[in-house]
Amino acid sequence: MSTPYDWIDRSLDSIHKANWYRSTQTVSSKAGAIANIDGREMLMFASNNYLGLAGDRRLIDAAIAATERYGTGSTGSRLVTGHLALHEELETAIADLKNTEAALVFSSGYLANLGTISAIAGQRDLILGDEYNHSCLKKGALMSGATAIDYRHVDLDDLATKLKQHRGNYRRCLITTDSVFSMDGDLAPLQAIMDLAATYECMVLVDEAHGTGIFGDRGGGLTNALGIQQDLIQVGTLSKALGSLGGYVAGSAKLIDYLRNRAATWIYTTGLSPADTGAAMTAVTIVKSDHERRQQLWQNVAMVKQGLQNLGMSAIAFDSPIIAIAVGDIPETMHIAKHLRDHGIFAPAIRPPTVPTARIRITLMATHTKEQIQALLACLAQKA
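How each quantity is defined
Residues numbered from 1 in each chain as written. Predicted model: local features only at pLDDT ≥ 70, side-chain atom pairs only at ≥ 80, totals over all residues. Heavy atoms only, no water. Buried < 20%, exposed > 50% of the residue type's maximum accessible area, 1.4 Å probe, protein only. Helix = DSSP H or I, 4+ residues; strand = E, 2+ residues; numbered from the N terminus. Arc of directions from axis to C-beta. Contact = heavy atoms within 4.5 Å. Patch = residues over 30% accessible without salt bridge, like charges linked within 9 Å, V, L, I, M, F, W, Y side chains within 5 Å. Areas by Shrake-Rupley, 256 points an atom, 1.4 Å probe, with all protein chains shown as cover. Salt bridge = Lys/Arg side-chain N within 4 Å of Asp/Glu carboxyl O. Pairing = 2+ DSSP bridges. Axes fitted to C-alpha atoms, helices over the stretch in contact; angles between N-to-C directions. Parallel < 35°, antiparallel > 145°, perpendicular 65-115°, else oblique. Left-handed = near helix turned anticlockwise from the far one by under 90°. Nonpolar A, V, L, I, M, F, W, Y, C, P; charged D, E, K, R; others polar.

Some details on helix H7 (residues 190-200)
- Within H7 the residues assigned to the buried category are Leu190, Ile193, Met194, Leu196 and Ala197. All buried residues of H7 fall inside an arc of 165° around its axis, so they share one side. Among the exposed residues of H7, those oriented more than 90 degrees off its buried face are Ala198 and Thr199.
- Lining the buried residues of H7 we find strand E5 (147-151), helix H6 (156-166), strand E6 (173-178), strand E7 (203-207) and helix H8 (222-225).
- Once H7 ends, the next one or two residues include glutamate 201, with phi positive near 55°.

Focus on a nonpolar patch on the surface
- Taken together, Tyr5, Trp7, Ile8, Leu12, Ile15, Trp20 and Tyr21 make up a surface patch of nonpolar side chains, about 700 Å² in accessible area.
- When you line up the elements, tyrosine 5 lands in the segment before helix H1 (6-17).
- Look at tyrosine 5 and you get exposed, because its relative accessible area is 58%.

What to know about the sheet that holds strand E13 (residues 358-363)
- Reading across from one edge, E10-E13-E12 is the order of the 3 strands in this open sheet, with antiparallel pairing throughout. Of all strands in the sheet, those with a lone pairing partner are strand E10 (322-328) and strand E12 (349-350), marking the two edges.
- In this sheet, E13 lies alongside E12 in antiparallel orientation, the contact comprising 2 bridges. Residue pairing across strands places isoleucine 350 opposite arginine 359, the latter belonging to E13.
- Strands E10, E12 and E13 of the sheet are contacted by helix H13 (residues 330-342), whose axis makes an angle of about 30° with E13.

Some thoughts on the packing of helix H4 (residues 109-120) against helix H5 (residues 135-144)
- Here H4 crosses H5 at 30°, and the two axes come no closer than 8 Å. Comparing the axis directions of H4 and H5 gives the class roughly parallel. You can see that H4 and H5 cross each other, and the crossing is right-handed. Two secondary-structure elements touch here, H4 through Tyr110, Asn113, Leu114, Ile117 and Ser118 and H5 through Ser135, Cys136, Leu137, Lys139, Gly140, Ala141, Met143 and Ser144.
- For the contact of H4 with H5, the class distribution of residues is 7 nonpolar, 5 polar and 1 charged.

Regarding the sheet that holds strand E2 (residues 40-44)
- Strands sit in the order E1-E2-E11 across an open sheet of 3 strands; the sheet is mixed. Both edges of this open sheet fall to strand E1 (34-37) and strand E11 (345-346), since each of them pairs with a single strand only.
- Examined bridge by bridge, E1 and E2 share 4 bridges and lie antiparallel to one another. Residue alanine 35 lies in a different strand from E2, and its bridge partner there is methionine 42.

What follows is the structure, encoded as structure tokens:
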């Protein structure tokens, strides 16, 4: 007998046939360069824990201390009972890190983008976004009701053309882009985007999810590293280089005040937990001063770049700790990922529809040792 849910079986069958099926990998160890995955110890080259802070004792102690003081949960939305003094401290620290007037902490980076974009743009507005933007930027544009148009990836000429064609037909215009693109590892041409925005009177929202903690002399992100002084909206996450959980928006004081009153994903959800907030607060303090950790990360990037070039293997970019080895063929990509896994290295295949072409996505950490990186390169050499 048929049921209203029979379509699920057909959809799953289609996913399997397209070789798009995904399943989880169970990790049963503390975050770090070595992980226990599905009961097996492996070298971890797939974590966004770029600075190794997710397993750092100082963050663990800060999370414990915050829990002991405030309890395990914030108990309500920030506008009702969930606004903690610790939230204010973290927001002040993030504003200082990002060199902005103010900041607002959300319960995830995804929620930060959804809430911000849908609050500042509406049906009479235009949103132009890089075609490789993260899902949360695209979903936020859809939620806003604005006309959303993609421009070709990091293509300034295409962005300029679309601005010339469409800007005059809308009340407001918002340009959105990742600073570091999560699947390719390349960088957005932020200064040039800011210049176009000034010419066409556009707002700019930059997602620094993979830039926070990594770029800049204090880990302030790519915007800070480039010395961008123009007014813009900066969104980021506390869950990658900062080793915790949550998201933030940083910008002018009036923007943050407006979002407190209009960002639904902040207003109608429980505040970030004390443990996550305390850990993130300590992480921000660390990244501002621990230059050696950041330098070690970039040395590891340089080592992998040289090693891959020696092997004759190509990567999409070497601009960040995300190094995507271009393969293209899905079965071959899956075969390489299995080869790595069989040799104790976790660096999974990333396939369509997540990305347009299949690749092995390697992410590096400051805590990877020279020997661990050499093990990765030696294993890849067997498939070069």
